[in-house]
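Structure at a glance
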Amino acid sequence: MLDSSTVTTRKLYYEDAYLKEFAAEVISAEGNDVVLNATAFFPEEGGQSADRGVLAGREVLDVRIRDGCIHHYLGGPVSGGAAEAIVSGSSVVGVIDWDYRFSNMQQHSGEHLFSGLVHAKYGYDNVGFHLSDNEVTMDFSGSLSAEALREIEDHANRAISLNIATQIVFLSGEEAERAEYRSKIDLTDEVRVVIFPGYDACACCAPHVGRSGEIGCLKVVGAVSYKGGTRVSMLCGKRAMDLFRHDRDMLVRTANFLTTNTDEVYESVSRLKDENGELKARLKQAGLRIMEMKVAAFPEGDGNAIIFEGPEADQTVIREAVNKLVVKRSGYCAVFAGDDASGYRFIIGIRDGDARLASGLLKERFGAKGGGKPAMVQGSVQAAREDLLRLFDAYFV
């Protein structure tokens, strides 16, 4: 059993953020949980996901830190390789997934620049940071307009282009108390501060790029109001470039489809939307007139009235038809909209009775969904038209 009071893991990623391969001694190996005397694998910490890679020929699935010990949680052997024996006292080799690590370094360093600029200009704190495989978000304590975000984004990219050398210092005691740096929590022990001179100084436990130019670029990709402040989403480096390529490809494909230029796509789509809205309104009116003719075809009297419509039938038109039918007919009045392949939406009403009996039978026989009140029910059902007609003929005469 590992005694975490006497064992800690040496953090090689503090000594060299660019270390891609290392050798270390196994301190503890319990199942898939391995602790080393030293590691270059960054654990999940400070809002950032853990490093990936290979340790002793096995995939590193997760890395966590507990009481100063860094635990590596391993999967099976990597494809085409052979796993080494992992026992206490043995020496193993770890290999960092460098592309993944460097991408995280780009995102995290970009976040520091952006947050430092926001703090300097607006005085807002970054109260929440999340860096995962899919997103990078920053939660600021105040409101940021679209104009403000563009301005900060421009300043951050200028700082990136200056290729500023990153400084990392460890502070403690009075020196730490006197120093000015951003931090989300009050720190009492030795503080590791990541500095981009002239732009930001922030307490941080993660690996960072050696120079700001390695961030590549920074792009704000979204912003929403969040807990009285602003949650900003951004991407840096290759992630930002991948997004640009994806969005550019989509824009070009859309422009080609519309046979227009890329800078005219918005106007073309807006025009199509307006035309589509007009067509829908005209179709709704046509559907209403056709439905009125179908309703008028039913004479007043006893018995059910069942109408079938296509999947495009408007729900308000269906409801209005049922309302008119229950005035004319004493039985169950229903409109089913859809087809046998995809199923039907339905509205069922009755003048004197309980429409829920009909929906209950549809649930019992066909697994229909829905509900309502005695006068009217609505829902959906997967059944054939002929089966639905037979059901009403057999049970609701």
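Residues numbered from 1 in each chain as written. Predicted model: local features only at pLDDT ≥ 70, side-chain atom pairs only at ≥ 80, totals over all residues. Heavy atoms only, no water.

Here the focus is the overall build of the protein. When helices and strands are tallied, the protein shows 9 helices and 20 strands. By the compact-globule yardstick of 21 Å for 397 residues, the protein is too spread out, its C-alpha radius of gyration being 33 Å. Over its C-alpha atoms, taken along the principal directions, the protein stretches across nearly 95 × 55 × 45 Å. A total of 397 residues make up the protein; the buried ones form 42% of that total. Contacts spanning at least 24 positions in sequence make up 62% of the contacts within the protein whose residues lie at least 6 apart. Of the accessible surface of the protein, which amounts to about 21,100 Å², a share of 51% is contributed by carbon and sulfur atoms. Averaging the locations of the 44 positively and 58 negatively charged side chains of the protein gives two centres separated by 8 Å. (Helix = DSSP H or I, 4+ residues; strand = E, 2+ residues; numbered from the N terminus. Rg over C-alpha atoms; globule rule 2.2 N^0.38 Å. Buried < 20%, exposed > 50% of the residue type's maximum accessible area, 1.4 Å probe, protein only. Contact = heavy atoms within 4.5 Å. Areas by Shrake-Rupley, 256 points an atom, 1.4 Å probe, with all protein chains shown as cover. Lys, Arg positive; Asp, Glu negative; His and termini not counted. Charge placed at Lys NZ, Arg CZ, Asp CG, Glu CD.)

With that out of the way, let us pick up the packing of helix 5 (residues 237–258) against helix 6 (residues 265–296). In the contact formed by helix 5 and helix 6, the axes pass within 10 Å of each other and the chain directions differ by 55 degrees. With respect to each other, helix 5 and helix 6 are oriented oblique. Crossing hand, helix 5 versus helix 6: left-handed. Only V265, S268, V269 and L272 of helix 6 make contact with helix 5, whose side of the interface consists of L251, T254, A255 and L258. Partitioned by chemical class, the residues of the contact of helix 5 with helix 6 number 6 nonpolar, 2 polar and no charged. (Axes fitted to C-alpha atoms, helices over the stretch in contact; angles between N-to-C directions. Parallel < 35°, antiparallel > 145°, perpendicular 65-115°, else oblique. Left-handed = near helix turned anticlockwise from the far one by under 90°. Nonpolar A, V, L, I, M, F, W, Y, C, P; charged D, E, K, R; others polar.)

Attention now goes to helix 5. Under the 1.5 Å per step criterion, the end-to-end length of helix 5 is 32 Å for 22 residues, consistent within 8% with the ideal 32 Å. All of the buried residues in helix 5 are G237, R239, A240, A255 and L258. Taken down its axis, helix 5 places every buried residue within 160 degrees of arc, on the same side. Residues of helix 5 that are exposed and point over 90 degrees away from its buried face: K238, R253, N256 and F257. Looking at the buried positions of helix 5, the neighbouring elements they touch are helix 2 (98–122), strand 9 (126–131), strand 10 (136–140), strand 14 (218–226), strand 15 (229–236) and helix 6. Of the residues trailing helix 5, T259 is marked for its positive phi of about 50 degrees. (Expected span 1.5 Å × (residues − 1). Arc of directions from axis to C-beta.)

Glancing now at the sheet that holds strand 6 (residues 58–66). The 6 strands are arranged 2-3-7-6-5-8 in a closed barrel whose pairing can be described as antiparallel. Taking the axes of each pair of neighbouring strands and ignoring which way they run, one obtains an average angle of 45 degrees across the sheet. Judged from the 7 bridges that link them, strand 6 and strand 7 (residues 69–77) form a sheet pairing that is antiparallel. Looking across to strand 7, one finds that D62 is bridged to Y73. (Pairing = 2+ DSSP bridges.)

For any pair of aromatic rings, geometry is given as the distance between the ring centres together with the angle between the planes. A full pass over the atoms with the stated rule returns 13 aromatic pairs. Arranged with centres 5.8 Å apart and planes meeting at 20 degrees, the rings of Y122 and Y124 form a pair that is stacked. Among the residues examined, Y122 registers a relative accessible area of 30% and is labelled partly exposed. Note on F336 and F346: the rings are 5.9 Å apart at their centroids and 45 degrees apart in plane angle, and the pair reads as tilted. Of this pair, F336 sits in strand 17 (residues 333–339) while F346 sits in strand 18 (residues 343–349), and the two are 10 residues apart along the sequence. The class of F336 is buried, set by a relative accessible area of 0%. Taking relative accessible area as the criterion, F346 reaches 2% and is therefore assigned buried. By the ring-pair criterion, three or more aromatic residues cluster together here, those being F308, F336, Y344, F346 and F392. K121 extends its terminal NZ or CZ atom over the ring of Y122, reaching a point 5.7 Å from the ring centre. (Phe/Tyr/Trp six-rings, centres within 6.5 Å; stacked < 30°, edge-to-face > 60°. Lys NZ or Arg CZ within 6 Å of the ring centre and 35° of its normal.)

With that settled, the discussion passes to the pairing of strand 16 (residues 305–309). With respect to burial, strand 16 is a largely interior element, 5 of its 5 residues being buried. Pairing geometry for strand 16 and strand 17, over 5 bridges, is parallel. Looking across to strand 17, one finds that A305 is bridged to C333. Note on the crossover from strand 16 through helix 7 (residues 315–328) to strand 17: the handedness is right-handed. (Right-handed = clockwise from strand over helix to strand, strands pointing away.)

What follows concerns the sheet that holds strand 18. Read from one edge to the other, the open sheet built from 5 strands follows the order 16-17-18-20-19, with strand pairing classed as mixed. Either end of the sheet is taken by a strand with one partner, and the two such strands are strand 16 and strand 19 (369–373). Taken pair by pair, the neighbouring strands of this sheet meet at an average axis angle of 10 degrees, ignoring direction. As paired strands, strand 19 and strand 20 (residues 376–381) are joined by 5 bridges and run antiparallel to one another.

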